[in-house]
Amino acid sequence: MSKEKVIIFDTTLRDGEQAPGASLTINEKLEIAHQLVKLGVDVIEAGFPVSSPTQFEATRLCAEQVSGAVICGLARANANDIEAAGEALKAAPKRRIHTFIATSPIHMEHKLRKKPDEVLKMAVAAVQCARQFTDDVEFSPEDACRSEMTFLYEILAAVIEAGAATLNIPDTVGYILPYEYGQIIAKLKANVKGIDKAIISTHCHNDLGVATANSLAGVRNGARQVECTINGLGERAGNAAMEEIVMTIQTRQGFFGGNVTTNINTREIYRTSQLVSQLTGFVIQPNKAIVGGNAFAHESGIHVDGILKHRETYEIMTPEMIGLSGSRMVLGRHSGRHGFVDRCKQLGYNLSEKEIQAAYEKFLEIADKKKEIFDEDIAAIINDEVRMVEQLYHLEYLNVTSGTGTLPTGAVKIRMQDGNIVQAAACGDGPVDAAYEAIRQATGQSPKLDNYSIRAITGGKEAMGEATVQIKNEAGRTFIGRGVSTDIIEASAKAYIDAINRMVASAGNNEDEKVTL
Ligand code: KIV
Ligand code: ZN
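Keep in mind that this is a model prediction, so the values were computed, not measured.

1. A look at the pairing of strand E16 (residues 478–485)
Of all 8 residues that make up E16, 8 are buried, and the element is covered over most of its length. Here E16 shows two buried faces, one formed by Thr478, Ile480, Arg482 and Val484 and the other by Phe479, Gly481, Gly483 and Ser485. With 8 bridges joining them, strand E15 (residues 465–472) and E16 adopt antiparallel strand pairing. Bridge pairing in E16 places threonine 468 opposite arginine 482.

2. Quick look at the domain arrangement of the protein chain
For the protein chain, the domain assignment lists domain 1 (4–280), domain 2 (296–324), domain 3 (333–385) and domain 4 (393–506). Between the C-alpha centres of domain 2 and domain 4 there is a distance of 40 Å.

3. Considerations on the site of ligand 1
In the region of ligand 1, the neighbouring residues are Arg14, Asp15, His98, Phe100, Ser140, Glu142, Asn168, Pro170, Thr172, His203 and His205. In the model, an oxygen atom of ligand 1 is placed 2.6 Å from a nitrogen or oxygen of the threonine 172 side chain. Within the side chain of histidine 205, one N or O atom sits 3.0 Å away from an oxygen atom of ligand 1. Starting from 260 Å² of accessible surface for ligand 1 in isolation, the protein chains cover 94%. Secondary-structure elements contributing two or more residues to the shell around ligand 1 are strand E5 (95–102), strand E6 (137–142) and strand E7 (166–171). Taken together, the residues that form the shell around ligand 1 break down as 2 nonpolar, 6 polar and 3 charged.

4. Some details on the pairing of strand E13 (residues 421–427)
As paired strands, strand E12 (residues 409–416) and E13 are joined by 7 bridges and run antiparallel to one another. Note that in E13 the partner of alanine 411 across the bridge is alanine 425. If you look at the hairpin formed by E12 and E13, you'll find 4 residues sitting between the two strands, and glycine 419 has a positive phi there, around 95°.

5. Topic: the coordination of the zinc ion (ligand 2)
Reference geometry at the metal: tetrahedral coordination by four donors gives ideal angles of 109.5 degrees; octahedral coordination by six donors gives 90 or 180 degrees. Around the zinc ion (ligand 2), the protein supplies Asp15 (OD), His203 (NE2) and His205 (NE2) as donor atoms, at distances of 2.0 to 2.1 Å. Summarised as a motif, the one-chain spacing of the donors to the zinc ion (ligand 2) is D-x187-H-x1-H. Highlighted residues: aspartate 15 in the loop between strand E2 (7–10) and helix H1 (26–39) and histidine 205 in the loop between strand E8 (199–204) and helix H8 (211–220), separated in sequence by 190 residues. Judged by relative accessible area, which is 3%, aspartate 15 ranks as buried.

6. Some points on helix H3 (residues 79–89)
Within H3, burial applies to Asp81, Ile82, Ala84, Ala85, Gly86, Ala88 and Leu89. The inward-facing, buried residues of H3 abut helix H2 (53–65), strand E4 (70–76), E5 and helix H5 (116–131). Two or three places before asparagine 80, at the start of H3, stands the capping residue asparagine 78, its side-chain oxygen 3.1 Å from that residue's backbone nitrogen.

7. Re the pattern of salt bridges
Applying the stated rule across the entire model yields 34 salt bridges. Linking glutamate 320 and arginine 311 is a salt bridge whose minimum nitrogen-to-oxygen distance equals 3.3 Å. By relative accessible area, which is 24% here, glutamate 320 ends up partly exposed. Classification of arginine 311 by relative accessible area gives partly exposed; the value is 37%. Aspartate 450 is the salt-bridge partner of lysine 448, the closest N and O atoms lying 2.7 Å from each other. The network of salt bridges with common partners includes Arg14, Asp15 and Glu45.

8. What about the nonpolar core?
One finds Ile44, Phe139, Leu156, Ile169, Leu188, Met242 and Ile269 to be the most contacted residues of the largest nonpolar core, which totals 94 residues. A total of 11 residues in this core trace back to one element, the largest contributor, which is helix H6 (residues 149–162). Each of domain 1 (4–280) and domain 2 (296–324) contributes no fewer than three residues to this core. Apart from residues no more than four positions distant in its own chain, methionine 242 is found in contact with Ile8, Asp10, Leu39, Val41, Cys228, Thr229, Ile230 and Ile264. Counting 26 residues, the second largest nonpolar core, distinct from the first, contains Ala435, Tyr436, Ala495 and Met503.

9. Looking at the sheet that holds E2
Paired through backbone hydrogen bonds, the strands of a sheet run either parallel or antiparallel to each other. Spatially, 8 strands are ordered E2-E3-E4-E5-E6-E7-E8-E9 in a closed barrel, and the strand pairing comes out parallel. Across the sheet, the axes of successive neighbouring strands diverge by a mean angle of 25°, strand direction being ignored. Here E7 runs beside E8; their pairing, made up of 6 bridges, is parallel. Bridge pairing in E8 places isoleucine 169 opposite threonine 202. With respect to the sheet, H3 is in contact with E4 and E5, its orientation differing from that of E4 by roughly 160°. H6 contacts E6 and E7 of the sheet and is inclined by roughly 165° relative to E6.

What counts, and at which threshold
- Residues numbered from 1 in each chain as written.
- Chains lettered and ligands numbered in written order.
- Predicted model: local features only at pLDDT ≥ 70, side-chain atom pairs only at ≥ 80, totals over all residues.
- Heavy atoms only, no water.
- Buried < 20%, exposed > 50% of the residue type's maximum accessible area, 1.4 Å probe, protein only.
- Helix = DSSP H or I, 4+ residues; strand = E, 2+ residues; numbered from the N terminus.
- Pairing = 2+ DSSP bridges.
- Domains from an automatic or database assignment.
- Near = heavy atom within 4 Å.
- Polar contact = N/O pair within 3.5 Å; in protein donor to acceptor, adjacent residues only side chain to side chain.
- Areas by Shrake-Rupley, 256 points an atom, 1.4 Å probe, with all protein chains shown as cover.
- Nonpolar A, V, L, I, M, F, W, Y, C, P; charged D, E, K, R; others polar.
- Donors = N, O, S within 2.8 Å, 3.2 Å for Na, K, Ca; no water.
- Contact = heavy atoms within 4.5 Å.
- Salt bridge = Lys/Arg side-chain N within 4 Å of Asp/Glu carboxyl O.
- Core = buried A, V, L, I, M, F, W, Y, C linked by side-chain atoms within 4.5 Å.
- Axes fitted to C-alpha atoms, helices over the stretch in contact; angles between N-to-C directions.

Here it is in structure tokens:
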């Protein structure tokens, strides 16, 4: 029996990036998009072009440079949005316009202030308009799961007639439960006129923690596209996590009648998950399914004993399936440049000569302090040295004194992009606070610090520390920064400066927040 494909539609760069603080630069988006192609996703939703010049440019560059997947742009159901999406996508060999309008009574009455028949007309007109730019048009009735079923039958039949090839069924507010979501999909399959000409897609949010379960219930009832994000990134509690959906479909074939499959190369899952975590600054919780640090860790004696006797006693998937190699490769000072470059390639990094040089110099610096360098350290080095946002501020010098009976004091020298050095010294409640106060004084930037955390990247007393900070600008927009060092105060200072650099780089690009319906 030939298997039916479940199309994997990745919206990490669009819905995922709507997570507060997850803002990515255009280059970071391109890097993720290239990795998504390696992972084997079918459709990449690259952005919401009309919402800001950056979103437009990111979508345009994905369309121009990323081949191997359909590139999709989001548009509300109006000509202006659709034309912007069409324009941004025009270089893509395979392009899709995804247009949406809300269909639930609460959204139509209070947000759109429109009657159902007006909404239906707008949906049809939007699909017809999008068809002028591409044959591949997707339609979403926003808040579908709180909409009247009879209205859904009507509007979906009308947009199929108008030329929509994919019907996406969003649980926009993450309200529905798996049994109900499955029933909605089954009813749509049974009652929408012309449904055989279209693909039904799931799009589930995780407010009640059931986004993955809902998406899978959809697949079981006939949906053949799943919209999801890497690590479940997204607004509020996030979207359905791609890695969970793909690994469930693979691991529980029988549950899906043994006849569904995806194009995903599961061995790229871990690398993709790490990349998204590093670039967005969203740390993955250790107990996260599939990609969390503990997902394959066995500690209890009974489990370890069972695994050693027969792996499947306690393991339903292997770490190798998601690209985690069983053996840990260790580098050190004597591995040399060649060894370092080789390992970077094996880990999937495609670095230019200049980037290799910067990363290698940092590698040597760290190898002097830390005998064994693990893959996680290499990822952190590359993230820290190579994938920096445009750096207005660069930490040149840091000195912090603190101790019992001493007033914590920090002094910093910061090199500006134009080469000028600014410096300041300040006292604080502790060493990190003193360093942060000095940074605020030197840069003249004083964002609100919302969150600060530090973790060891690998085990052992020489482990590198990774600091993550979350700051807010005056407009209340969140930015996340990360910094890595064997010295945790330095890691903390670098993380703060990274967040400030991201904040400054995004200044003047707040249009995203002005988009309303
Ligand atoms: O959650 C949602 O309803 C969306 C739509 C734009 C598809 O993201
Ligand atoms: Zn969504």
